[in-house]
Amino acid sequence: MTYREVLENARTCMGAYCRSCPVCDGRACRNTMPGPGAKGAGTVAIRNYQKWQELCVNMDTIGETGPVDTTWEVLGHSFVLPVLAGPVGAVQLHYGDKYTDLTYNELLLSACAQAGIAAFTGDGKDPKVIQAAAGALKGMKGTGVPTIKPWDLETVREKIDLVRDADPFAIAMDIDAAGLPFLQNAVPPAGRKTVEELREIADYAGKPFILKGIMTARGAEKALEAGAAGIVVSNHGGRVLDQCPATAEVLPEIVQAVGGKLIILVDGGIRSGVDVFKALALGADGVLIARPFVNMVYGGGAEGVRLYVEKLCAELADTMAMCGAATLKDIDRSMIR
């Protein structure tokens, strides 16, 4: 299969909301909540994508010729490029009946590991979702990051106990999920957390703790204060709050505030290896990509994931070569405008 064929196949089995667009830019799924589109006016997902496109890369081909290395080392693991598959929950509601949260997480973890990267797994109201993620992680020797919703502390501890037994290399919480419509008035309850509560969770995790959903420098500083080993600059694809800035817009100020003090990941509208390059040039250590991986799984299973990872690798390597970066550490702010 080709990448285009995977997308065409995905269109035959997606639900009513996602159109498996050639470019996943948030336009066709605008105002389709609870589908994959953004909340309210539906413009935040579109803005996420657009802001990466407004950045240009600076071509410089005067220099030594040599190999380009896209390898990424993070938290004791080595991956073929600085990309992790993002967590996705409620896949049947958002994307169609071909997969459940359980089968999607299992396939994604395995396919990503085979392709040379790792995946974040999702969480949901059904306790079987996190149970299946823990089982799949154990089979992958922990090469993945389970993501827990911001439930009440007792429920968070119970879920950490489940996933910690699988020995993942990190445990995450998508703190911004407090704004998800389907978690409003949920049982168990989910919502905001104080720095003290997050510090308690980070200590209890016993693993590097990653907070997803950071959109301000102050938020990043609070995550650092809470003991987080890493953050994900993310507005949850625009699904939790309307009229947010794009992640590309806030990333530089967050890097300025906490860069070098913890791992900084970013998501939101990143679709190509060129976008990955831009994110690293703005100071991110790596990126998360979520919705395109859903299309790859629905349209091509493990082969679809492999094709997409290979596409990202080739695009990133080509951009690095044309801008004069032999390794990821060579990428800096001077290479974009």
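Reading guide: rules and limits
Residues numbered from 1 in each chain as written. Predicted model: local features only at pLDDT ≥ 70, side-chain atom pairs only at ≥ 80, totals over all residues. Heavy atoms only, no water. Phe/Tyr/Trp six-rings, centres within 6.5 Å; stacked < 30°, edge-to-face > 60°. Helix = DSSP H or I, 4+ residues; strand = E, 2+ residues; numbered from the N terminus. Buried < 20%, exposed > 50% of the residue type's maximum accessible area, 1.4 Å probe, protein only. Disulfide = S-S within 2.5 Å. Lys, Arg positive; Asp, Glu negative; His and termini not counted. Salt bridge = Lys/Arg side-chain N within 4 Å of Asp/Glu carboxyl O. Contact = heavy atoms within 4.5 Å. Core = buried A, V, L, I, M, F, W, Y, C linked by side-chain atoms within 4.5 Å.

Chemist: A description of the packing of aromatic side chains should follow, citing residues and the corresponding values.
Modeler: In this structure the tally under the stated criterion is five aromatic pairs. Ring centres of Tyr3 and Tyr308 lie 5.9 Å apart, and the angle between their planes is 20°; on these two criteria the pair is classed as stacked. Here Tyr308 lies in helix α11 (residues 291-323) and Tyr3 lies in helix α1 (residues 3-10), a separation of 305 residues in the sequence. Here the aromatic rings of Tyr99 and Tyr298 are separated by 5.0 Å at their centres, their planes lie at 70°, and the arrangement is edge-to-face. Note that Tyr99 is positioned in the loop between α3 (91-95) and α4 (101-115) and Tyr298 in helix α11, a separation of 199 residues in sequence. With respect to class, Tyr99 is no different from Tyr298; both count as buried. Here a set of aromatic residues connected by ring pairs shows up, and it is made of Tyr3, Phe293 and Tyr308.

Chemist: Tell me about the state of the cysteines, residues and numbers included.
Modeler: Each disulfide is one covalent bond, formed between the sulfur atoms of two cysteines. If you walk through the whole model with that rule in mind, you get zero disulfides. Here Cys313 is not disulfide-linked; the sulfur of Cys112 is the nearest cysteine sulfur, at 12 Å. Given a relative accessible area of 18%, Cys313 falls into the buried group.

Chemist: So, the side chain of Lys278: which residues are in play, and what are the values?
Modeler: Here Lys278 lies in helix α10 (residues 273-281). Among buried Asp, Glu, Lys and Arg side chains, Lys278 stands out as unpaired, with Asp275 the closest opposite charge at 4.1 Å. Not counting residues up to four positions away in its chain, the partners in contact with Lys278 are Trp52, Gln53, Leu55, Val57 and Ile336.

Chemist: So what's going on with the pattern of salt bridges? Which residues, and what values?
Modeler: Scanning the entire structure with this criterion turns up 15 salt bridges. A salt bridge links Asp161 to Arg164; its shortest N-O distance comes to 2.8 Å. Of this pair, Asp161 and Arg164 both sit in helix α6 (residues 153-164), three residues apart, which is roughly one turn of the helix. Asp267 is paired through a salt bridge with Lys212; the nearest N and O atoms lie 3.7 Å apart. Linking Asp267 in the loop between β9 (263-266) and α10 with Lys212 in strand β7 (residues 209-214), this pair joins segments that are 55 residues apart in sequence. Given a relative accessible area of 11%, Asp267 falls into the buried group. Accessibility expressed as a relative area gives 5% for Lys212, which makes it buried. By sharing partners, the salt bridges in this structure join Glu303, Arg306 and Glu310 into a single network.

Chemist: Break down the nonpolar core for me, citing the residues and quoting the values.
Modeler: Tyr104, Ile231 and Phe293 are the most contacted members of the largest nonpolar core, which totals 110 residues. Take this core: its biggest share by element is 14 residues, from α11. Excluding residues within four positions of it along the chain, Phe293 makes contact with Val83, Ala85, Tyr104, Leu108, Cys112, Ile117, Val305, Tyr308 and Val309.

Function cannot be read off these values alone, since they describe shape.
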